[in-house]
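Take a look at the letters that make up each chain.
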Amino acid sequence: MSAASTTSNKFVVGLWDHEEVYLHAIEHIRHKGIEIYDSLTPFPVHGLEDALGYKESRLHTAGFFFGATGMTLALTFMTWVMTTNYPINFGGKPYWPVPSFIPITFELTVLFSAWGMTLTYLVRNKLWPGRVPRIYDKRTTDDRFALVFDAEKLSDADISSIKEVCKKEGAVEVKDKVFAENEGL
Amino acid sequence: MTDNFEFTDKLKKNLFIMMGIGLLGLVYVFLLYPENSHARLWSNILANTYYFTGIGLFGMFAVAAGTLAYGGWHILVKRIFLSLSGFLRIGGFILAGIVVLGLLNVHTLYDGVKHILHEPVVTPNHTTKVIFFAPVFWVSRVFVYAGLWLGFSWYMNKFFARTDQTDPKVYKQSKLLAAAFIVMFALTESAASWDLIMSLDPHWYSTLFGWYNFASYGCAAWAMTILLVIYLKSLGYLPKVNENHVHDLGKLLFGFSIFWTYLWFDQFMLQWYANIPEETSFWVKRFGHGYFKFTIFLALIVNFVFPLVFLIKRGNKRNFKIIGFGSALLIFGHYVDFFNYTFVEPNWNHELDHKHHAKVETEKVVLYAANEEHHTTATTTDATPAHDNTEAVATEVKHEEAKHEGESHAHETGAEGEHVGHGEAEVVANYASINIGEVLVFIGFLGAFLFLFFRNLAKRPITPENDPYLKECERITVTYS
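Residues numbered from 1 in each chain as written. Chains lettered and ligands numbered in written order. Predicted model: local features only at pLDDT ≥ 70, side-chain atom pairs only at ≥ 80, totals over all residues.

(A) Fine view of the overall build of chain A. When helices and strands are tallied, chain A shows five helices and four strands. Reading the helices (α) and strands (β) of chain A from amino to carboxyl end gives β-α-β-α-α-α-β-α-β. Summarising its shape, the C-alpha atoms of chain A cover approximately 80 × 35 × 30 Å along the three principal directions. For chain A, the residues scored as buried account for 16% of the 185 residues in total. Within chain A, counting contacts between residues at least 6 apart in sequence, those at least 24 apart form 81% of the total. (Helix = DSSP H or I, 4+ residues; strand = E, 2+ residues; numbered from the N terminus. Buried ≥ 20, exposed ≤ 12 C-beta atoms within 10 Å, placed from the backbone. Contact = placed C-beta atoms within 7 Å.)

As structure tokens, this is what we get:
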């Protein structure tokens, strides 16, 4: 979820092969005061946000406002058409038949909130077409759970201590990952 | 260690007092409202029994659905769901009894159906209705539901206790039982809603009525479960149930409230738009009367607007006070919903129906005329011809109306001797209201429901210790910083 844009190019990547061990490792690593840059998993892990200490997403608040926009638009447009622009009598119903507006209003509300939330999500995570993302390890889409640490400003001693902690917490592999300048940003 | 619920004498005494209050309420309604052979008393019994039977059925459905879906979230409250079915020991049979007594002319609730069996007018689907409501078929159907519900509630409680407490190997077999229950529930629940509630107004159709009742039951059952969980926790039971589990129940309560509204609106809008007299007479009766107009909108506000505004927020669903208050309110709201369906007395009446049909027709024409006038004056200056024309149509309709009334009178007198059971007693349109009698009867039925629930709950340990999904349920913890 978090793809914070920094100028770091040097990272330490720890890889785990089991969800349970991974979750406990995150808790212990955070407890030691080590900052985690990113977390990558092959599938949604229950309780991961909690372990990483993430704040509740504000995406649904955005969704509410998108939905409200769609609802207002639908009601306003239909009211304008049916009462002012082109009033037609349908089977003796009133010129402002509110009950028959509701299905369309509902659909537009859903459409606006769905599209709005999807686009907001893509923009916030910089997932627009043509972007080349930074890949820390290809196996995170298969069977590995990765923790990424920002190593740009860390001393060698700190880096080796992070590696040691990861190994102790059950990481199957710990490696350095260095990107070329501005690669995939 | 045993964690059986202890059904204390104090609680028993309180519940017996509630049942006593209910009995008092029945006597009160019996004495004060003798119209239409005490129809209001029978409406009270029917509405309350139907409501609580539904909650009991839905409790079993929740467990069956959870079992079939490999669900883990409900395991800690599983025994509460199953114990809700305690009311089915009597519920189904009271409902069957009401149908039998209706056919024996003890009360007038089902007079519409009795009339349709002999009605000379062939309305659409008239033949099918005559077959469907043939007394023997009808009564045996209702008894079959009652028997099936009783049997399943007894067997499911027993079987799930076995899988939960002794041998996890038989857990797989419980899937078969759950599947059988779902099939039985789907068939009997919708058919029972036609037989018991929709038949109160035999001309009125609603093809989604079974679903609609299912949604009502759902809301009421989740709400009841939340309240019982909070109550049991306050007594010190269910130590492992926390706000995460209540949150899950709250989400279902919220979702089912929206589902209920969806069905309510579907039913209303299609009938409003199609404007078929058989269907609209149902709404004309209710919207045409001040109190019922009020209760219909009250039900919509309590069952839709309230959950939409107050239960959509995550924190509110995790706060025991807010979700508890909301649950109590929704239990009341869905009672009001059933009140709207059962308490128009008589729901069906030959004479009144003709009047309503005529009224619908007149309103349609008048409405059309008003619109036409508005439109023509808006576009052209000369609107007199259109106006005159509609005036003439409206008068014609009034003539029609008068003719219909005459016919129906003639028909009533002609049919009297043959079959109309309630004899010479005049049928009057009596619109009930939720007053002291209804409240007392509801408290009584709630007492009976809770008594049977606690009795059922006390029989077996609350926690299903050998359920393979118990650990998953205990571990649900999602807290944002």
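(B) Representation of the packing of helix 2 (residues 35-68) of chain B against helix 7 (residues 135-165) of chain B in the model. Residues and elements named next belong to chain B. In contact at an axis separation of 11 Å, helix 2 and helix 7 are set at 40° when each is read in the N-to-C sense. Relative to helix 7, the element helix 2 lies oblique. For helix 2 against helix 7, the interelement crossing comes out left-handed. When helix 2 is examined against helix 7, the residues G56, L57, M60 and V63 are found in contact with a partner set consisting of W149, F152, S153, M156 and F160. (Axes fitted to C-alpha atoms, helices over the stretch in contact; angles between N-to-C directions. Parallel < 35°, antiparallel > 145°, perpendicular 65-115°, else oblique. Left-handed = near helix turned anticlockwise from the far one by under 90°.)

(C) Representation of the domain arrangement of chain A within the structure. Once the domains are mapped, chain A shows domain 1 (10-57 + 137-178) and domain 2 (59-124). Summarising the inter-unit geometry, the C-alpha centres of domain 1 of chain A and domain 2 of chain A are found 45 Å apart. (Domains from an automatic or database assignment.)

(D) Spatial organisation of the confidence of the model for chain B. Residue and element names in this part refer to chain B. Mean pLDDT over chain B stands at 82; residues scoring 70 or higher make up 79%. Mean pLDDT per element in chain B: helix 16 (residues 384-416) is the minimum at 45, and helix 9 (residues 209-234) is the maximum at 95. Interface confidence for the predicted complex, expressed as ipTM, amounts to 0.72; the pTM equals 0.80. (pLDDT = per-residue confidence, 0-100.)

(E) Representation of the pairing of strand 3 (residues 145-150) of chain A in the model. Residue and element names in this part refer to chain A. Along strand 3, five of the six residues are buried, which leaves the element largely enclosed by surrounding structure. Sheet analysis places strand 1 (residues 10-16) next to strand 3, joined by six bridges and oriented antiparallel. Bridge pairing in strand 3 links W16 to F145. Direction of pairing for strand 2 (residues 38-40) relative to strand 3: antiparallel, over a ladder of three bridges. Pairing of L40 across the sheet is with A146, part of strand 3. (Pairing = 2+ DSSP bridges.)

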